[in-house]
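Here is how the chains run, residue by residue.
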Amino acid sequence: MFEYCADPTQLSGLTWLSCYLTTGTHFNFYWSFVTVLMLLAVTAPVALAFGFGGAMAARSHVLPLSILGKGYIAAVRGVPDIVYFLFFVIALDQGLEWVKHLFVCTDLSQPVWNGTEFRVCPEAKVPLATSPAIWHSAYAFGLAVFTFALVFGAFAANVLYGAMQAVPRAQLETAEAYGMTPRQVFRRVLVPQMWVYALPGLSNLWLILIKATPLLFLLGIQDIVYWARELGSAKTSGNNPYPHGDWRVFYFLALLVFYLAFTRVSEVFLARLTRRLSHGQATLGGEQLRKAGA
């Protein structure tokens, strides 16, 4: 990056360090932090949408919908997360390619599954082998978002289902007595009041989601943990212009600071959000705020 970095063998001290920290590989490391933040920013609302849909289905009076919602919650909560990250992504990827294979491939005489091998024509690959690298990265990122949202959406559904059940029934009955339809009661009374009950559980899910981001490596994405291990490993002078010993402890210490700082910022934001939602609510937090204001 800097002109004086042309010959790393002639550098020492802070000059050597400045050149070492501005190599292309290190910029990949820095960009991986953005990837993690983007994953969290996209996955959180998608998982919340999954959770809201699952909670509504579980509360439905239509038996098939209720079974579907409760089954989704039970199936995901009862299976280790790593199973979904290892199996579901492969199944979804092969499923997409199989469906595309049926429409774009001319020769359908050969079986797609041959023992343990999965083969489709080159035109059915998702994305195509000739596609730019950015499409491969975007596809892997999309699979990661969907998988994270599927897993954490089930936990969010369980939290939201419990929060809906926690809203005092008397308030719902009062709304019905004023002539509100069931849809109006749900939209104007139940949903606005359930968030204060759901926020503690959703806060824990958010912090767990932050800690789960290193699982991106299992989905084929070079995340911050991958680059920390790669850059921190000992490098010899024969294959690296910046040889060094085993520096993994320093890179993982940087990750420790990043996760702790991000967790702290999240806790402060969630505490303020909880305080705001508790105003006027018939909860312990709302009662404390009422007394403090009085």
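Here the residue index of a chain counts from 1 through its sequence in written order. Where totals are concerned, whole chains, interfaces and linings use all residues; where local detail is concerned, this predicted model gives features only for residues with pLDDT of at least 70, and gives and counts side-chain atom pairs only at 80 or more. Water and hydrogen atoms play no part in the side-chain values, which are based on all heavy atoms of the structure.

Draft legend 1. View of helix α7 (residues 182–212). The terminal C-alpha atoms of α7, which comprises 31 residues, lie only 38 Å apart, well short of the 45 Å expected from a rise of 1.5 Å per residue. Along α7, the sharpest kink reaches roughly 50 degrees, centred on A198 and followed within four residues by the proline P200. Each helix is a run of H or I in the DSSP string that is no shorter than four residues. Each strand is a run of E no shorter than two, and both are numbered from the N terminus. Every helix has an expected span of 1.5 Å times one less than the residues it contains. To obtain the bend at a residue, axes are fitted to the seven residues ending there and to the seven starting there, and the angle between these axes is taken.

Draft legend 2. Quick look at helix α4 (residues 81–104). If you check α4, its first and last C-alpha atoms are 34 Å apart, about what 24 residues at 1.5 Å a residue would give, namely 34 Å. The sharpest bend along α4 measures roughly 30 degrees and falls at F87. Where α4 is concerned, the buried positions are Y84, F85, F88, V89, E97 and H101. Looking at the buried positions of α4, the neighbouring elements they touch are α3 (63–77), β2 (117–118) and α5 (133–166). The classification of residues rests on relative accessible area computed with a 1.4 Å probe and restricted to protein chains. Under 20% of the type maximum is buried, over 50% is exposed, and intermediate values are partly exposed. Throughout, a residue-residue contact means that at least one pair of heavy atoms, one from each residue, lies within 4.5 Å.

Draft legend 3. Spatial organisation of the packing of α5 against α7. Simply put, an axis is a line fit to the C-alpha atoms, just over the touching stretch for a helix, and the angle between two N-to-C directions goes from 0 to 180 degrees. Packing of α5 against α7 brings their axes to within 8 Å, and their N-to-C directions diverge by 140 degrees. On the basis of their axis angle, the class for α5 and α7 is oblique. Along this stretch, α5 crosses α7, giving a crossing that reads as right-handed. Of the residues in α7, those touching α5 at F148, F152, F155, A156, V159, L160, A163, M164 and A166 are F186, L190, M194, W195, Y197, A198, G201, L202, L205, I208, L209 and A212. Between 65 and 115 degrees an angle is taken as roughly perpendicular, under 35 as roughly parallel, over 145 as roughly antiparallel, and anywhere else as oblique. Whether a crossing is left-handed or right-handed is set by the direction in which the near helix is turned from the far one by less than a right angle, anticlockwise for left-handed and clockwise for right-handed.

Draft legend 4. Structural context of the confidence of the model for the protein. Looking at any residue, its pLDDT shows the predictor's confidence there, from 0 to 100. The predicted model of the protein averages 84 in pLDDT, with 92% of residues at 70 or higher. Looking across the protein, the model is least confident in helix α10 (residues 284–293), with a mean pLDDT of 53, and most confident in helix α2 (residues 24–59), with 91.

Draft legend 5. Molecular detail of the state of the cysteines. Disulfides are defined as cysteine sulfur pairs within 2.5 Å. One pass over the full model with this rule turns up one disulfide. Across the disulfide from C105 sits C121; the S-S distance is 1.8 Å. The disulfide joining C105 to C121 has a torsion of about -75 degrees about its S-S bond and is therefore left-handed. With a gap of 16 residues between them, C105 in the loop between α4 and β1 (113–114) and C121 in the loop between β2 and α5 connect regions that are remote in the sequence. A relative accessible area of 7% means that C105 is categorised as buried.

Draft legend 6. The arrangement of the side chain of Q193 in detail. Of note, Q193 is situated in helix α7. We classify Q193 as buried; its relative accessible area is 14%. Nitrogen and oxygen atoms within 3.5 Å of one another constitute a polar contact, given that in protein one can donate a hydrogen and the other can accept it, and given that sequence-neighbouring residues count only through two side-chain atoms. For Q193, the side chain forms a polar contact with the side chain of Q171, separated by 2.4 Å.

Draft legend 7. Layout of the packing of aromatic side chains. Pairing of aromatic rings covers Phe, Tyr and Trp, the last counted by its six-membered ring, and requires centre-to-centre distances within 6.5 Å; plane angles under 30 degrees mean stacked, over 60 mean edge-to-face, and any other angle means tilted. With the rule as written, the count across this model stands at 15 aromatic pairs. Judged by centre distance (5.1 Å) and plane angle (55 degrees), the rings of W113 and F118 are tilted. Of the residues examined, W113 reaches a relative accessible area of 45% and is grouped as partly exposed. For F118, a relative accessible area of 15% translates into the label buried. Ring geometry for F258 against F262: centres 6.1 Å apart, planes inclined by 5 degrees, an arrangement best described as stacked. Taken together, the residues F258 and F262, both in helix α9 (residues 248–278) and four residues apart, mark about one turn of the helix. Using a relative accessible area of 18% as the deciding quantity, one classes F258 as buried. Taking the relative accessible area as the measure of exposure, F262 reaches 21% and is therefore partly exposed. Taken together, the aromatic side chains of F27, F29, Y30, F33, W206, Y251, F258, Y259 and F262 make up a single cluster linked through ring pairs.

Draft legend 8. Spatial organisation of the packing of α4 against α5. Following both chains from N to C, one finds α4 and α5 inclined at 130 degrees, their axes separated by 10 Å at the closest point. Compared by their axis directions, α4 and α5 come out oblique. For the crossing formed where α4 meets α5, the hand is right-handed. In contact with D81, Y84, F85, F88, V89, L92, D93 and L96 of α4, α5 contributes Y139, L143, F146, T147, F148, L150, V151 and F155.

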